[in-house]
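# Commentary on secondary and tertiary structure
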Amino acid sequence: MTATALARKYRSRNFSELIGQQHVVKALTHALETGRLHHAYLLTGTRGVGKTTIARILAKCLNCETGVTAAPCGTCSACLSVEQGRFVDLLELDAASNTGVDDMREIIENARYAPTSGRYKVYLIDEVHMLSKNAFNAMLKTLEEPPEHVKFVLATTDPQKIPVTVLSRCLQFNLKQLPPDLIGEHLRDVLGKENVAHDDVAVQLIARAAAGSMRDALSITDQAIAFGHGKLEAEQVRTMLGVVDTDYVIRIGQSLAATDGAGLLAHVQMLYERGISFDSVLQELGVLFHDIALRQAIPAAQISGAWDIADLVEAFSPETVQVLYQIALTGRRDLPLAPDERAGFTMSLLRMHAFVPGSADADGNAPTPERTTKPLRARLGPRVEVAIPALDVIQKAAEMPQSAPQVSPVIQAAPTRSEDSFKAAAAPTPSRETVAAFPPPGLASVPSISTSTASAFDGDWPALVARLPLVALTREFARNSALVKVDGNTFWLALPDDKRTLIKHQAKMKDILTEYFGKPIRLEVELGDIKNTPAPTLAKQEATARSERQIEAETEFLASPFVQALVRDAGAVVHKETIEPVDRPLK
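Residues numbered from 1 in each chain as written. Predicted model: local features only at pLDDT ≥ 70, side-chain atom pairs only at ≥ 80, totals over all residues. Heavy atoms only, no water.

This paragraph deals with the overall build of the chain. For the chain, the count of helices and strands is 27 helices and ten strands. Residue burial in the chain is summarised as follows: out of 587 residues, 42% are buried. Long-range pairs, those at least 24 residues apart, make up 74% of the contacts in the chain between residues at least 6 apart in sequence. As displayed, the chain has an accessible area near 31,200 Å², and 53% of this comes from carbon and sulfur atoms. (Helix = DSSP H or I, 4+ residues; strand = E, 2+ residues; numbered from the N terminus. Buried < 20%, exposed > 50% of the residue type's maximum accessible area, 1.4 Å probe, protein only. Contact = heavy atoms within 4.5 Å. Areas by Shrake-Rupley, 256 points an atom, 1.4 Å probe, with all protein chains shown as cover.)

Spelled out as structure tokens, the structure:
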């Protein structure tokens, strides 16, 4: 015998049986009870949330032999005909298969005739957004002023593709996706009526896999019953859906909490051998960190996963959980771009491991107390947030007598430095010899610029930039850089953090300086605050000059006897924002 699919067998037959769309049921019920019926309804929402079901229930309500009612009897010939799909006055049209204007003209022609057996003709046009532009235009007039005996019900999963001229003629209802808890409750009721043995974990897995669609949930349940030989068990449902076991996810979380990098790699190997989808693992990790964050914020909150996370709630700080959650989301997004899924998943776990406080360093050394007590923020990404080294040294240099010749630095992408080298660089030094030792270890043994070349540069970086043959973004890099100091053939520049994208033009700037001085030049750039550098940037000098020129132009304009006469005698009003400096003085 052929069994009826659960999605068809348990389709709602009246509004009281409809699951999860109470806002639509309430509006239609009141309209039917008060007789305030619209001539055209538009039902929107994702697949399997009840659009066609509501249209058929509405057809029953309008044509029930007991009269127009919100509670059709379900036993009269009209109600039974609608349920069985043979009611002649309910015309269902699949717009995906009948997209042309000729199909729409046929509907319009038939709409003029009275119903055959019912009270109303109900036209249900499914996936209406698939109609052609000409078909929409053909139905506009009839849709706006249909005969009294005609009702239109349009259904679509993509309302953005429907012309606004059609939308404005319809009463629109947006059907919501159903929450997993509501789907699970309905599935338990259905399984009880079908006498199917099941466990709650299996029902939860199906409810989540349905993604808000009751029809999908019932279809998956049908498949799971067949897969499980007439019963639903969590392990079999996981295998069928390809969902990772929650134990695997918990173990990964425990390895992260213990900063066990070797354990994480062992988990990757185990998942790979079992053929488990790495995308689904990252998805479940996102659910895990979501539940942990929820429990940390609200201990009594209901979580979505069926797992014991009490230890993990205590193991991670709220800040760490937020970072791990974001890495899980980013890892899923980047998985298709990885060399292969295993590599992408491994990198996501290693990224999580790197950002957990107390993780071993790059050499595999165990975490020290100093490392574990540092805030997480200090370990996120490259240290571009560190202020320019030795700003107090710069201030000391700025206060030195101007008789000493000033020299300028050159910038090169700074190699990663240890914290000790930053501390050493930041130590204040009163003597000029110490300032000369400013470059970090590894840059001290560089060829020096000749005395004649050094004397040719007077330390005025903006003036040097103005002389150099710079174009486009290389010039912007130089204009926005401030000279910190020059040591030998090394120029040290500071670049504002908001201009960090310009640092990619550092190599071109170095080549231009090398060509200009005729000697190899090293260029060292730091990102950070440039307020305390000895000299302003060329961009700042130009901005200051423009501001002064603007003030001068406004003063000169307002002092003009002609302007003063216009203001005094003609009531003119001066808008200062329209005054612009010119090359010649105002007469």
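Next comes the rest of the description.
As summarised here, the arrangement of the five strands in space is E2-E3-E4-E1-E5, forming an open sheet in which the pairing is parallel. The open sheet has two edge strands with one neighbour each: strand E2 (90-94) and strand E5 (171-174). Mean inter-strand twist for the sheet, computed between neighbouring axes without regard to direction, equals 15°. As judged from the five bridges shared by strand E1 (residues 40-44) and strand E4 (residues 150-156), these two strands associate in the parallel manner. Each bridged residue has a counterpart across the sheet, and for Leu42 the counterpart in E4 is Leu154. Where helix H3 (residues 51-63) meets the sheet, its contacts fall on E1, E2, strand E3 (121-126) and E4, and the angle it forms with E3 comes to roughly 175°. (Pairing = 2+ DSSP bridges. Axes fitted to C-alpha atoms, helices over the stretch in contact; angles between N-to-C directions.)

Excluding glycine, most residues fall at negative phi; most peptide bonds, likewise, are trans. The phi torsion at Asn195 lies on the positive side, around 55°, for a residue other than glycine. Positionally, Asn195 belongs in the loop between helix H8 (180-193) and strand E6 (197-198). Note on Asn195: relative accessible area 70%, which makes it exposed. Positive phi, normally seen in glycine, also occurs at Ala211, with a value near 55°. With respect to the element layout, Ala211 can be found in the loop between helix H9 (200-209) and helix H10 (214-227). Overall, Ala211 belongs to the partly exposed group, its relative accessible area being 41%.

For the rest of this paragraph, the subject is the pairing of E2. Bridging between E2 and E3 involves five bridges; their strand directions are parallel. Bridge pairing in E3 links Leu90 to Val122. Regarding topology, helix H5 (residues 101-111) serves as the crossover connection from E2 to the parallel E3, and that connection is right-handed. (Right-handed = clockwise from strand over helix to strand, strands pointing away.)

Attention shifts here to the pattern of salt bridges. Enumeration according to the criterion identifies 18 salt bridges in this entry. In this structure, the salt-bridge partner of Lys231 is Glu233, at a minimum N-O distance of 3.3 Å. We classify Lys231 as partly exposed; its relative accessible area is 36%. Among the salt bridges present, the one from Glu552 reaches Arg549, with a minimum N-O distance of 3.8 Å. With Glu552 and Arg549 both in helix H26 (residues 538-559) and three residues apart, this pair spans about one turn of that helix. The network of salt bridges with shared partners includes Arg13, Lys60 and Glu83. (Salt bridge = Lys/Arg side-chain N within 4 Å of Asp/Glu carboxyl O.)

Looking at the secondary structure, you find Ser255 in helix H12 (residues 246-257). Filtering out sequence-adjacent residues up to four positions away, Ser255 remains in contact with Asp260, Gly263, Leu264 and His267.

Here we take up the nonpolar core. Formed by 36 residues in total, the largest nonpolar core has its most connected members in Leu285, Leu288 and Phe345. Broken down by secondary-structure element, the contributors of at least two residues to this core are H12, helix H13 (261-273), helix H14 (278-297), helix H15 (310-315), helix H16 (318-334) and helix H17 (341-355). In terms of residues, this core owes the most to one element, H14, which gives eight residues. Setting aside its immediate chain neighbours within four residues, Leu288 contacts Val249, Ile250, Gly253, Trp307, Ile309 and Leu312. In this structure, Ala59, Cys76, Tyr120 and Phe173 belong to the second largest nonpolar core, which totals 30 residues. (Core = buried A, V, L, I, M, F, W, Y, C linked by side-chain atoms within 4.5 Å.)

Quick look at the sheet that holds strand E8 (residues 482-487) now. Strand order across the open sheet formed by three strands is E8-E9-E10, with mixed pairing between neighbours. Here the strands that pair on one side only, and so sit at the sheet edges, are E8 and strand E10 (522-528). Going across the sheet, the axis of each strand differs from the next one's by a mean of 20°, ignoring polarity. Judged from the seven bridges that link them, strand E9 (residues 490-496) and E10 form a sheet pairing that is parallel. Residue pairing in the sheet places Leu493 in a bridge with Val525 of E10. Along the sheet, helix H25 (residues 506-517) makes contact with E9 and E10, crossing E10 at roughly 140°.

The grouping of Leu265, Met347 and Leu350 at the surface amounts to a nonpolar patch, some 260 Å² of accessible area in total. Topologically, Met347 is positioned in helix H17. (Patch = residues over 30% accessible without salt bridge, like charges linked within 9 Å, V, L, I, M, F, W, Y side chains within 5 Å.)

Next up on the list: the state of the cysteines. One pass over the structure, following the stated rule, counts zero disulfides. Cys79 supplies the cysteine sulfur nearest to Cys61, a cysteine that is in no disulfide, at a spacing of 8.0 Å. What makes Cys61 buried here is its relative accessible area of 0%. There is no disulfide at Cys64, and the cysteine sulfur nearest it, in Cys73, is 3.5 Å away. (Disulfide = S-S within 2.5 Å.)

So, on to H5. All of the buried residues in H5 are Met104, Ile107, Ile108 and Ala111. Buried residues along H5 cover an arc of 100° about the axis, so they all sit on one side. On its buried face, H5 is in contact with E2, E3, helix H6 (133-144) and E4. (Arc of directions from axis to C-beta.)

Attention shifts here to the layout of surface pockets. Taken as a whole, the second largest pocket holds about 620 Å³ of empty space. The wall of the second largest pocket is formed by 30 residues, among which Ala7, Tyr10, Arg11, Ser12 and Thr53 lie closest to the centre. Elements represented by at least two residues in the lining of the second largest pocket include exactly helix H1 (6-9), H3, H8 and H10. When its residues are assigned to classes, the lining of the second largest pocket shows nine nonpolar, eight polar and 13 charged. (1 Å grid on protein atoms, 1.4 Å probe; cavity = no way out; pocket = protein on both sides within 12 Å on 5 of 7 lines; lining within 4 Å. Points joined across faces, edges and corners; volume = space filled by probe spheres on them. Nonpolar A, V, L, I, M, F, W, Y, C, P; charged D, E, K, R; others polar.)

Next up on the list: the side chain of Thr29. Among the secondary structure elements, Thr29 is positioned in helix H2 (residues 22-34). Apart from residues no more than four positions distant in its own chain, Thr29 is found in contact with Phe15 and Ala70.

Turning next to the packing of aromatic side chains. The final tally for this structure, using the stated rule, is four aromatic pairs. A ring pair is formed by Tyr123 and Phe152, whose centres lie 5.5 Å apart and whose planes are at 25°; its orientation type is stacked. With Tyr123 in strand E3 and Phe152 in strand E4, the pair connects residues that are 29 residues apart, well separated along the chain. In this structure, Tyr123 and Phe152 share a single accessibility class: buried. Measuring from ring centre to ring centre gives 6.5 Å for Phe289 and Phe316, while their planes differ by 85°; the resulting arrangement is edge-to-face. Here the residue Phe289 occupies a position in helix H14, and Phe316 occupies one in the loop between H15 and H16, the gap between them amounting to 27 residues. For Phe289, a relative accessible area of 1% puts it in the buried group. Take Phe316: its relative accessible area is 5%, and that puts it in the buried class. (Phe/Tyr/Trp six-rings, centres within 6.5 Å; stacked < 30°, edge-to-face > 60°.)

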